[in-house]
Amino acid sequence: MRKRTLFGLAAGTVAAGAATLAYASLVERNMFTLRRYDVPVLPADAEPLRVLHLSDLHMMPDQRRKQQWVASLAALDPDLVVVTGDNMAHPDAVPGVLRALQPLLDYPGAFVFGSNDYTGPVWKNPFTYFLPGREYTEGAALPYEELRDVLTGAGWADLNNARTSLKAGGRLVELVGVDDPHIGQDDYPAVAGPVTPAADLSIALAHAPEPALLDQMAADGFGLLLAGHTHGGQVCVPGYGALVTNCGLPRSMAKGLHRWPGSDSWLHVSAGLGTHPTAPVRFACPPEASILTLTPR
């Protein structure tokens, strides 16, 4: 009787695990979700301004469902589109990325790159994400310059260690960004400095939301900090949340909108729209894009 009971429990555990894996790989990773947040960062009496935040597409050439869903977001008529990196997951991904972004290129936009814009993913043991200081392994080279040329050719601002201002929604927006801190490409000191008083709004971009970098951006007065990279944990435990963020950010801030500690700035971390190709699962953390409605403080 005891052996039959143990066998039944083991079989039930295996079946539940298989069902969970099937759900995470076949269902939830395709449950594209639009998040909506109100962010009080504008001057008093200002009209709202809408920012569409996209991140971590990790696009493969044949992911037509994802491409069509992202393209459909143009119907939101955003004032500004911001992309915080890791657009590609394959050397032939640029056409797919452009199918997704093409309708959005008619709007003012800005972008930074992540590590998976430069080199492709490689297989890795998922448990290594729990190891501090693990070595970063590069995969195949990706056509990031081709993607950069298309985006800048459409008028979007390249904010990889750069700073600029642009008009969006009739407002002057000051923008700063860095190349990916996850691979040590960031150089914030080269673009640091207080926000221009004439700006109606200030936004800072990074792929990986490393706290030391966010502290510097907030200290310079950037009111809205945007990042991706974490995948929201990608696999979360209901009632507990993300298991890991893959950076120095606390797990409680792995996704969503948060007040950045010790400042007047707001941080939005996108859980992103893709997965690592060698671990194509999401659980309790569906792929997402966010529309941020900026309102008066």
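Computed from a predicted model, the values in this text were never measured in an experiment.

Undergrad: How would you explain the overall build of the chain if you had to name every residue and give the values?
TA: Scanning the chain for helices and strands turns up six helices and 14 strands. Counting only residues that meet the buried cut, the chain has 51% of its 297 residues in that class. A separation threshold of at least 6 residues defines the contact pool for the chain, and within that pool the share at least 24 residues apart is 73%. For the chain, the accessible surface area stands at approximately 13,000 Å², while carbon and sulfur atoms represent 57% of it.

Undergrad: Which residues make up the nonpolar core, and what values go with them?
TA: Counting 32 residues, the largest nonpolar core has Leu54 and Leu104 as its most contacted members. Mapped onto this core, the elements with two or more residues apiece are β2 (49-54), α2 (64-72), β3 (80-84), α3 (94-101), α5 (144-153) and β14 (288-296). For this core, the leading source of residues is α3, giving five residues. Not counting residues up to four positions away in its chain, the partners in contact with Leu104 are Leu52, Leu54, Val70, Leu73, Ala74, Val81 and Trp156. Among the nonpolar cores identified, the runner-up in size contains 25 residues, and Val39, Leu42, Val112 and Trp266 belong to it.

Undergrad: I'd like a description of α2, backed by residues and values.
TA: Three or more residues of α2 are buried, namely Lys66, Gln67, Trp69, Val70 and Ala71. On its buried face, α2 is in contact with β1 (33-42), β2, α3 and β14.

Undergrad: So what about the packing of α3 against α5? Which residues, and what values?
TA: At their nearest, the axes of α3 and α5 sit 10 Å apart, and the two run at 25° to each other. With respect to α5, the axis of α3 lies roughly parallel. In this structure, α3 meets α5 at a crossing whose hand is right-handed. Residues Val94, Val97, Leu98 and Leu101 of α3 touch α5, and the partners they reach there are Glu146, Leu147, Val150 and Leu151. Residues of the contact of α3 with α5, tallied by class, amount to seven nonpolar, no polar and one charged.

Undergrad: Account for a nonpolar patch on the surface, naming residues and giving values.
TA: A cluster of nonpolar side chains, Val235, Val237, Tyr240 and Leu243, forms an exposed patch at the surface whose accessible area comes to about 320 Å². Position of Tyr240 relative to the elements: it lies in the loop between β10 (236-237) and β11 (241-242).

Undergrad: For the pairing of β2, give the residues involved together with the corresponding values.
TA: Among the six residues in β2, five count as buried, and that is most of the element. Judged from the five bridges that link them, β2 and β14 form a sheet pairing that is antiparallel. Bridging across to β14, Arg50 finds its partner in Thr293. As paired strands, β2 and β3 are joined by four bridges and run parallel to one another. Across the sheet, the residue bridging to Val51 is Leu80, located in β3. Handedness of the β-α-β unit built from β2, α2 and β3 comes out right-handed.

Conventions and cut-offs
- Residues numbered from 1 in each chain as written.
- Predicted model: local features only at pLDDT ≥ 70, side-chain atom pairs only at ≥ 80, totals over all residues.
- Heavy atoms only, no water.
- Helix = DSSP H or I, 4+ residues; strand = E, 2+ residues; numbered from the N terminus.
- Buried < 20%, exposed > 50% of the residue type's maximum accessible area, 1.4 Å probe, protein only.
- Contact = heavy atoms within 4.5 Å.
- Areas by Shrake-Rupley, 256 points an atom, 1.4 Å probe, with all protein chains shown as cover.
- Core = buried A, V, L, I, M, F, W, Y, C linked by side-chain atoms within 4.5 Å.
- Axes fitted to C-alpha atoms, helices over the stretch in contact; angles between N-to-C directions.
- Parallel < 35°, antiparallel > 145°, perpendicular 65-115°, else oblique.
- Left-handed = near helix turned anticlockwise from the far one by under 90°.
- Nonpolar A, V, L, I, M, F, W, Y, C, P; charged D, E, K, R; others polar.
- Patch = residues over 30% accessible without salt bridge, like charges linked within 9 Å, V, L, I, M, F, W, Y side chains within 5 Å.
- Salt bridge = Lys/Arg side-chain N within 4 Å of Asp/Glu carboxyl O.
- Pairing = 2+ DSSP bridges.
- Right-handed = clockwise from strand over helix to strand, strands pointing away.

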